[in-house]
Amino acid sequence: MDYARTITVDMPYRDAVPRVKEAFKAQGFGTLTEIDVQATLKEKLDLEMEPYLILGTCNPHLAHRALEVDREIGLLLPCNVVVRAQEHGTLVQALDPQVMVRVPEREELRPIAEEADARIRAALESLTS
């Protein structure tokens, strides 16, 4: 099962991170958390890896609507966005919102997932134009 929306942007990681935040903000997603996976693995396990950031970006209106349908859906909300360095450019990934329909098999979540998907796609497309 494919569960990600993925693009590669032709810019260095350090330039991509603020652009990704702005692109998602323009679609109503606020950045609530940032997990610097590279720094955490270095600090906790003394491991090296490429720059890798997990942004906790959520759209409060969509999250509220989904939570009104199913309180457990918080586990599957499309709130994580990964930004990671590659040899050429930066990879940006977001969870496919249809996961929150398929996993719990709750069709009433489909309109919310479709709106979230449209907003996520718009954010990603704005990064490549």
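Reading guide: rules and limits
Residues numbered from 1 in each chain as written. Predicted model: local features only at pLDDT ≥ 70, side-chain atom pairs only at ≥ 80, totals over all residues. Heavy atoms only, no water. Salt bridge = Lys/Arg side-chain N within 4 Å of Asp/Glu carboxyl O. Helix = DSSP H or I, 4+ residues; strand = E, 2+ residues; numbered from the N terminus. Buried < 20%, exposed > 50% of the residue type's maximum accessible area, 1.4 Å probe, protein only. Disulfide = S-S within 2.5 Å. 1 Å grid on protein atoms, 1.4 Å probe; cavity = no way out; pocket = protein on both sides within 12 Å on 5 of 7 lines; lining within 4 Å. Points joined across faces, edges and corners; volume = space filled by probe spheres on them. Nonpolar A, V, L, I, M, F, W, Y, C, P; charged D, E, K, R; others polar. Pairing = 2+ DSSP bridges. Axes fitted to C-alpha atoms, helices over the stretch in contact; angles between N-to-C directions. Parallel < 35°, antiparallel > 145°, perpendicular 65-115°, else oblique. Left-handed = near helix turned anticlockwise from the far one by under 90°. Contact = heavy atoms within 4.5 Å.

1. Considerations on the pattern of salt bridges
If you walk through the whole model with that rule in mind, you get 14 salt bridges. As a salt-bridge pair, Glu 34 and Lys 21 come within 2.4 Å of each other at their nearest N and O atoms. A residue pair is termed long-range when its members are at least 10 positions apart, and Glu 34 in strand 2 (residues 30–36) and Lys 21 in helix 1 (residues 13–26) qualify at 13 residues. Judged by its relative accessible area of 45%, Glu 34 is partly exposed. A salt bridge links Arg 110 to Glu 107, with the nearest nitrogen and oxygen atoms 2.7 Å apart. Taken together, the shared-partner salt bridges connect Arg 5, Asp 96, Arg 102, Asp 117 and Arg 121 into one network.

2. Quick look at the state of the cysteines
Taken as a whole, this structure holds 1 disulfide when the rule is applied. Between Cys 58 and Cys 79 runs a disulfide, and the two sulfur atoms are separated by 1.6 Å. Disulfide Cys 58-Cys 79: the torsion about the S-S bond is 90°, which places it as right-handed. Taken together, the residues Cys 58 in strand 3 (residues 52–58) and Cys 79 in the loop between helix 3 (60–69) and strand 4 (80–85) connect sequence positions 21 residues apart. Exposure remark for Cys 58: the relative accessible area of 16% places this residue in the buried category. For Cys 79, a relative accessible area of 14% corresponds to the buried category.

3. So, the layout of surface pockets
There is about 190 Å³ of room inside the largest pocket. Of all the secondary structure elements, the ones that give two or more residues to the lining of the largest pocket are strand 4 and strand 5 (90–95). No other element matches the 3 residues that strand 5 contributes to the lining of the largest pocket. Across the lining of the largest pocket, the residue classes tally to 9 nonpolar, 3 polar and no charged.

4. Brief notes about the sheet that holds strand 3
Adjacent strands of a sheet form backbone hydrogen bonds with each other and so pair up, either parallel or antiparallel. Pairing within the open sheet is antiparallel, and its 5 strands lie in the order 1-5-4-3-2. Each edge of the open sheet is held by one strand with a lone partner, namely strand 1 (4–9) and strand 2. Strand-to-strand twist across the sheet, computed as the mean angle between neighbouring axes with direction ignored, equals 20°. Direction of pairing for strand 1 relative to strand 5: antiparallel, over a ladder of 6 bridges. Directly across from Ala 4, in strand 5, lies its bridge partner Leu 95.

5. Details of the packing of helix 3 against helix 5 (residues 110–128)
One can describe the packing of helix 3 onto helix 5 by two numbers: an axis separation of 10 Å at closest approach and a directional angle of 160°. On the basis of the axis angle, helix 3 is roughly antiparallel to helix 5. In the packing of helix 3 onto helix 5, the handedness of the crossing is left-handed. Every residue of helix 5 that contacts helix 3 at Leu 62, Arg 65, Ala 66 and Val 69 is listed here: Pro 111, Ile 112, Glu 115, Ala 116 and Arg 119. Class assignment for the residues of the contact of helix 3 with helix 5 results in 6 nonpolar, no polar and 3 charged.

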